[in-house]
Amino acid sequence: MIQYDTSFQRLAFCLAGLAGFVDAIGFLGSGGLFVSFMSGNSTRMAIGITEAKTLALATAALIGLFVAGVFLNIIVTAKITVAHRKVVAISGVAALLLGAACCKWTGSDVAATGFLCVAMGASNTIFRRDGDVSIGVTYMTGTLVKLGHRLADAALGGSRTAWIPYLLLWLALVFGGILGATSYYWSQDASLGFAAGFALILIPVTRRITATLKS
């Protein structure tokens, strides 16, 4: 996280906020399942195996769709080279969120949840270095662990500011979740449109950043 330029860090904050927004919508719409937090779904699946087979199957399907989103967006960004990889990756996320919104507007709630899950998997391909995720924008356990490490480093005489980006990334997801829940309660149909619209706005923003910076 701290190895990236501040412009890329801000982009990561935006994507984490989008993930929180979408996950809140997906959680409320699915009745308690996650579309971006697969650790939570894994626990729900484990419980479902012993208590409710339908729950286990539903969570397993969401986990599979999430992994499919990662896989597909990596393949797409490897094949399409007319634009920077990050621009192509975010375009894929925006297209999937738009697909989710269209499904919701036509009454296909299950398909909408599926699209959201694929989109959140795809969003974790945007920050990728040497074949690995360099910034996870939909899950914050690792971010909070790094926050703790950086705070400890600061207490031991290290950098006194290196912990701030990790705190901001976590706060971005939480704030996005608050906005997502508020939007969902205001209008379920509009909430997905807001998510897709924000992702579309991030495409030219990313194009501008990648035109001047390398990463």
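Structure's up top.
Read on for a plain summary of the structure.

### Let's talk about the side chain of Asn41
Point 1. Relative to the helices and strands, Asn41 resides in helix α2 (residues 38-51).
Point 2. A polar contact is formed between the side chain of Asn41 and the backbone oxygen of Phe34, at a distance of 2.7 Å.
Point 3. Ignoring anything within four residues of it in the chain, the contact list for Asn41 reads Leu33, Phe34, Thr59, Leu62 and Ile63.

### A short note on the packing of aromatic side chains
Point 1. Counting across every chain of the model gives 5 aromatic pairs.
Point 2. Aromatic side chains Phe8 and Phe127 sit 6.5 Å apart centroid to centroid with 85° between the ring planes, which places their arrangement in the edge-to-face category. In this pair, Phe8 is assigned in helix α1 (residues 6-30) and Phe127 in the loop between α5 (109-123) and β1 (128-129), connecting sequence segments 119 residues apart. Per residue, the accessibility class of Phe8 equals that of Phe127, and both read buried.
Point 3. Ring geometry for Tyr184 and Tyr185: centres 6.0 Å apart, planes at 75°, overall edge-to-face.
Point 4. Joined through ring pairs, the aromatic side chains of Phe27, Phe34 and Phe37 make up one cluster.
Point 5. Above the ring of Phe8, the side-chain terminus of Lys86 is found at 5.2 Å from the ring centroid.

### Quick notes on the packing of α1 against helix α8 (residues 188-212)
Point 1. Where α1 meets α8, the closest approach of the two axes is 11 Å, and the angle between their N-to-C directions is 165°. Between α1 and α8, the interaxial angle falls into the category roughly antiparallel. Crossing hand, α1 versus α8: left-handed. Where α1 approaches α8, its residues Ser7, Phe8, Leu11, Cys14, Leu15, Leu18, Phe21, Val22 and Ile25 are matched on the opposing element by Ser191, Leu192, Phe194, Ala195, Phe198, Ala199, Leu202, Thr206, Ile209 and Thr210.
Point 2. Along the lines of polarity and charge, the residues of the contact of α1 with α8 split into 15 nonpolar, 4 polar and no charged.

### Some words on helix α4 (residues 85-105)
Point 1. An ideal rise of 1.5 Å per residue puts 30 Å on 21 residues; α4 measures up with 30 Å between its terminal C-alpha atoms.
Point 2. Of all 21 residues making up α4, 15 are buried, and the element is well covered by its neighbours.
Point 3. Looking one or two residues beyond α4, the residue adopting positive phi is Gly107, at roughly 85°.

### A short note on the side chain of Ser123
Point 1. Note on placement: Ser123 falls in helix α5.
Point 2. For Ser123, the residues in contact, after removing those within four places along its chain, are Val93, Val137 and Thr138.

### Details of the pattern of salt bridges
Point 1. Taken as a whole and assessed by the stated rule, the structure comprises 2 salt bridges.
Point 2. Asp109 is the salt-bridge partner of Lys104, the closest N and O atoms lying 3.3 Å from each other.
Point 3. Exposure remark for Lys104: the relative accessible area of 14% places this residue in the buried category.
Point 4. The class for Asp109 is partly exposed, based on a relative accessible area of 41%.

### Description of a nonpolar patch on the surface
Point 1. Together, Leu144, Ile164, Leu168, Trp170, Leu171, Val174, Phe175, Ile178 and Leu179 give the surface a local cluster of nonpolar side chains, amounting to about 730 Å² of exposed area.
Point 2. It is helix α7 (residues 164-186) that contributes the most residues to the nonpolar patch, 8 residues altogether.
Point 3. Counting through the fold element by element, Phe175 comes out in helix α7.

### Quick look at α1
Point 1. In this model, α1 (25 residues) spans 35 Å end to end at C-alpha, consistent with the 36 Å of a helix rising 1.5 Å per residue.
Point 2. If you check the start of α1, you find a side-chain oxygen 2.7 Å away from the backbone N of Ser7, and it comes from Asp5.
Point 3. Looking at the residues trailing α1, positive phi occurs at Gly31, about 80°.

### Considering the state of the cysteines
Point 1. Inspection of the entire model under this criterion finds 0 disulfides.
Point 2. For the unlinked cysteine Cys102, the closest cysteine sulfur is that of Cys103, found at 7.1 Å.
Point 3. Overall, Cys103 belongs to the buried group, its relative accessible area being 14%.

### Description of the nonpolar core
Point 1. Counting 51 residues, the largest nonpolar core has Leu11, Val22, Leu97, Met120 and Phe127 as its most contacted members.
Point 2. Elements that contribute at least two residues to this core include exactly α1, α3 (53-79), α4, α5, α7 and α8.
Point 3. Considering each element in turn, this core owes the most residues, 11 residues, to α1.
Point 4. Among all residues touching Met120, those that are not within four sequence positions of it are Ala19, Val22, Val35, Ser36, Phe66, Leu97 and Thr138.

Calculation criteria
- Residues numbered from 1 in each chain as written.
- Predicted model: local features only at pLDDT ≥ 70, side-chain atom pairs only at ≥ 80, totals over all residues.
- Heavy atoms only, no water.
- Helix = DSSP H or I, 4+ residues; strand = E, 2+ residues; numbered from the N terminus.
- Polar contact = N/O pair within 3.5 Å; in protein donor to acceptor, adjacent residues only side chain to side chain.
- Contact = heavy atoms within 4.5 Å.
- Phe/Tyr/Trp six-rings, centres within 6.5 Å; stacked < 30°, edge-to-face > 60°.
- Buried < 20%, exposed > 50% of the residue type's maximum accessible area, 1.4 Å probe, protein only.
- Lys NZ or Arg CZ within 6 Å of the ring centre and 35° of its normal.
- Axes fitted to C-alpha atoms, helices over the stretch in contact; angles between N-to-C directions.
- Parallel < 35°, antiparallel > 145°, perpendicular 65-115°, else oblique.
- Left-handed = near helix turned anticlockwise from the far one by under 90°.
- Nonpolar A, V, L, I, M, F, W, Y, C, P; charged D, E, K, R; others polar.
- Expected span 1.5 Å × (residues − 1).
- Salt bridge = Lys/Arg side-chain N within 4 Å of Asp/Glu carboxyl O.
- Patch = residues over 30% accessible without salt bridge, like charges linked within 9 Å, V, L, I, M, F, W, Y side chains within 5 Å.
- Areas by Shrake-Rupley, 256 points an atom, 1.4 Å probe, with all protein chains shown as cover.
- Disulfide = S-S within 2.5 Å.
- Core = buried A, V, L, I, M, F, W, Y, C linked by side-chain atoms within 4.5 Å.

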